[in-house]
Amino acid sequence: MASRSEFPLGTSRVVPGRYPPPGIDPHADAIRERRGARGITPLDANLLHVPPIAGGFNSLLGAVRTKGNLPADVREAIILRVAAINHATFEWIHHEIVGRNEGLTTGQLYIIRDTETPLPPIQNVLNPLLTAAIGFTDHSTRNVRVPADVIQELKKQIKDWIIIKYPSLTADEVTAKTDDLYVESSMVVASYNMVSRFLLATDVAGISDVEVPWPVDKKEHFVSVPSFPPASTPSHTIHAVTLTTSPSAPWLVFANSLLTDWAMWSYIVPYFLDLASCSNASDNDHTEQKETYNILLHSQRGHGKSTLPPPSDGHDRLATIPLLATDIANLLSALSIPTPVQSVIGVSQGGAAALAFAALYGGTDESPAKTKSVIACDTGPRTPAGNKEAWEDRISLVYGSLVPPNSPDISLHFAKKIGMSNLAEITVPRWFPPGSILNSGERGGDKRAKWVEKMIKDTDVDGFVHGARALSDYNLINPSDLEANENATPGLFNSHVGRVLLLAGSLDGGGKVAKGLQDLRTKWNEKRLNDSQISLMHEVEYLEIEKSGHLPMIDSPEIFCENVGQWLGKV
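Source: prediction; values computed, not measured.

Novice: Give a detailed account of the UniProt feature "domain: Carboxymuconolactone decarboxylase-like" (unreviewed entry) in the protein chain, specifying residues and quantitative values.
Specialist: With numbering matched to this structure, UniProt assigns "domain: Carboxymuconolactone decarboxylase-like" (unreviewed entry) to residues 53-110. Strand forms 0% of residues 53-110 and helix 81%; the C-alpha atoms that close the span are 34 Å apart.

What follows is the structure in structure tokens.
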């Protein structure tokens, strides 16, 4: 996680700070008294250009911070959310440590810092009061006007907290105290919006253009990797993000679906940042120093900021499912991530890549495994019958049937401006059918659906086409499709990977995806039982997420996390 020492405080590039000696200015002396050992801060120094305002500011913020009755974790969550939205780095670095001291976890802080993923967040990381407070803060900070339903939700959660905290209060007293704490919440939002605007306008400490830190060591990587093993010359770039909680923590690797990027995992990441890893914690271990997981996120080739390799003689397919697995192996090597990782987790195209990773890198007598387990979600080991034609139909939709033939420039322009939007319009309802919250709009499902729709629209056209053709023609059961790797194994069923979880949303494909994965489990376990070389491996397991479509980690992130988290505890 970031610390204050990583952000050396300089001086404002807009106005010089003023630091009156003790006994010269009563406003400055009052500030020193409130700050204690910290003395006059760079924020105070900029305010002291107008001492009466600095004095009023000191009195107001002192009251907001220390004289109210709002739960301290809620107060700090509000302050930090304002800082994240307004890019107020100075505000964040001074309040993150306070928030942690008041009980905010790394996962909770990650949600607060993440201003791109639509609210509400995952329910089993933030409690209802924190969720309501952050939602209120968002509206007040971004739009000023707060919708009535958002106000009422915050008041409801405050009231519920009061009833539990003060069981002896009468109904009238509860109502009065609810109003008091709602007003206090509003004032915390308003006052720290004032603070953040002043911080940026006067460049307090000279860090107004420094990115707000994340509550975990988050690093962005652009890794050049080879495209077609056994070649070793880098030919394309994979965009990856690492979240490191501890140098010794086990790693989880996530692989996105077709038409999304690494950000599709944003709803579940906070949960795994807080989940105790099985390496050092039991179910009864609730210590603050528990070791959790490190996380590797990446966008598969041709998606997000990851590129496709250039066309090459003898390689007309720029993406195949085994090549996506090889990209993951190359990432692990390039980023010096120790193997075996705890699990490779993928969905859809990423789920197929996870299965290919099990086949190619699950370990042999000569080569140690690069992962202890794989979790393959809403996918299959090979292209289902008829899907090749379906993928070609979707590619034709993107390029447009009305585009004149032999007009590549017109076709590409159409695909970017219209075709990908048309694809998004039919894909989102297919991924999230009736019964899904993203279809019904419940609990912010409509916002999530729009978020996914934007990812689809923003996908590179060539990235979609090559990914679609990879999905339209693969077979991991047949060893011929694993020839992309010079050390190809005899097929998926001969993988020595320790544990496998197959997971499906119950609504995906009208239940066909779930049935396919159950059949895969049965056949795989038969192979493991009858093959003496792999009979000691654990049984392949299957899990179904009810009322969930193609992307359960977006559709039902709470249920997904609880089940996957428990399963990882056995790895």
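Alright, that's what it looks like, and here's the rest.
Novice: Which residues make up helix α3 (residues 51-66), and what values do they have?
Specialist: Taking 1.5 Å of rise per residue, the 16 residues of α3 would be expected to cover 22 Å, and the 22 Å separating its terminal C-alpha atoms lies within 8% of that figure. Taken as a whole, α3 has its buried residues at A54, G55, F57, N58, L61, G62 and V64. The inward-facing, buried residues of α3 abut α1 (26-35), α2 (42-47), α4 (72-86) and α9 (171-201).

Novice: Please set out the side chain of S556 residue by residue, giving values where relevant.
Specialist: Structurally, the position occupied by S556 is in the loop between α19 (552-555) and α20 (557-568). By relative accessible area, which is 9% here, S556 ends up buried. In this structure, S556 is in contact with I545, E546, K547 and S548, ignoring residues within four places of it in sequence.

Novice: Now, about the packing of aromatic side chains: what can you tell me, with residues and values included?
Specialist: Applying the stated criterion across every chain yields a total of 10 aromatic pairs. Ring geometry for F136 versus Y182: centroids 5.6 Å apart, planes at 75°, classification edge-to-face. Residue F136 is found in helix α7 (residues 128-142), and its partner Y182 is found in helix α9; the two are separated by 46 residues along the sequence. For F136, a relative accessible area of 3% puts it in the buried group. The exposure class assigned to Y182 is buried, which follows from its relative accessible area of 16%. Centroid distance Y271 to F272: 5.3 Å. Interplanar angle 80°. Geometry classified as edge-to-face.

Novice: Before we move on, could you go through the sheet that holds strand β4 (residues 294-298) and cite the residues and values that matter?
Specialist: An order of β1-β2-β4-β3-β5-β6-β7-β8 is seen for the 8 strands of this open sheet, with the pairing classed as mixed. Of all the strands in the sheet, the pair left with one neighbour each is β1 (217-226) and β8 (541-545). Direction aside, the axes of adjacent strands within the sheet are offset by 20° on average. Note that β1 and strand β2 (residues 234-244) share 10 bridges and pair antiparallel. Residue pairing for β2: H221 is matched across the bridge by A240.

Novice: So what about the nonpolar core? Which residues, and what values?
Specialist: Within the largest apolar cluster, 164 residues are counted, with the highest numbers of intra-cluster contacts made by W265, F272, F464 and M553. Per element, the largest residue contribution to this core is 10 residues, and it comes from helix α12 (residues 349-361). Setting aside its immediate chain neighbours within four residues, M553 contacts M264, W265, Y267, I268, V347, C377 and F560.

Novice: Account for the packing of α4 against α9, with residues named and values stated.
Specialist: The N-to-C vectors of α4 and α9 enclose an angle of 35°; their axes lie 9 Å apart at closest approach. Between α4 and α9 the crossing geometry is right-handed. For the pair α4 and α9, the contacting residues are R75, I78, I79, V82 and N86 in the first and S185, V188, V189, Y192, N193, S196, R197 and L200 in the second.

Novice: Can you tell me about the packing of α4 against α7, naming the residues and giving the values?
Specialist: For the pair α4 and α7, interaxial distance at closest approach is 9 Å and the crossing angle is 35°. Considering only the axes of α4 and α7, their crossing is right-handed. For the pair α4 and α7, the contacting residues are D73, V74, A77, I78, R81, V82, I85 and N86 in the first and L129, L130, A133, I134, T137, D138, T141 and R142 in the second. Here the residues of the contact of α4 with α7 are counted per class, giving 9 nonpolar, 3 polar and 4 charged.

Novice: If you had to explain a nonpolar patch on the surface to someone new, which residues and values would you point to?
Specialist: A contiguous nonpolar patch, built from L60, M187 and M194 and spanning about 230 Å² of accessible area, is present on the exposed surface. Considering the arrangement of structural elements, one finds M194 in helix α9.

Novice: Explain helix α16 (residues 445-458) residue by residue, including any values.
Specialist: Over its 14 residues, α16 extends 20 Å from the first C-alpha to the last, a length consistent with the 20 Å expected when each residue adds 1.5 Å. Buried residues of α16: G445, R448, A449, W451, V452, E453, M455 and I456, and no others.

Novice: With reference to specific residues and values, describe the pattern of salt bridges.
Specialist: Summed over all chains, the structure comprises 21 salt bridges. A salt bridge links D44 to R35; the nearest nitrogen and oxygen atoms lie 2.9 Å apart. The salt bridge involving R301 is made with D327; its shortest N-O contact spans 2.8 Å. With a gap of 26 residues between them, R301 in the loop between β4 and α11 (321-334) and D327 in helix α11 connect regions that are remote in the sequence. Exposure class is identical for R301 and D327. Each is buried. When salt bridges that share partners are traced, they join R13, D203 and D209 into one network.

Conventions adopted
Residues numbered from 1 in each chain as written. Predicted model: local features only at pLDDT ≥ 70, side-chain atom pairs only at ≥ 80, totals over all residues. Heavy atoms only, no water. UniProt positions renumbered as here; feature names shortened; annotations may be inferred. Helix = DSSP H or I, 4+ residues; strand = E, 2+ residues; numbered from the N terminus. Expected span 1.5 Å × (residues − 1). Buried < 20%, exposed > 50% of the residue type's maximum accessible area, 1.4 Å probe, protein only. Contact = heavy atoms within 4.5 Å. Phe/Tyr/Trp six-rings, centres within 6.5 Å; stacked < 30°, edge-to-face > 60°. Pairing = 2+ DSSP bridges. Axes fitted to C-alpha atoms, helices over the stretch in contact; angles between N-to-C directions. Core = buried A, V, L, I, M, F, W, Y, C linked by side-chain atoms within 4.5 Å. Left-handed = near helix turned anticlockwise from the far one by under 90°. Nonpolar A, V, L, I, M, F, W, Y, C, P; charged D, E, K, R; others polar. Patch = residues over 30% accessible without salt bridge, like charges linked within 9 Å, V, L, I, M, F, W, Y side chains within 5 Å. Areas by Shrake-Rupley, 256 points an atom, 1.4 Å probe, with all protein chains shown as cover. Salt bridge = Lys/Arg side-chain N within 4 Å of Asp/Glu carboxyl O.

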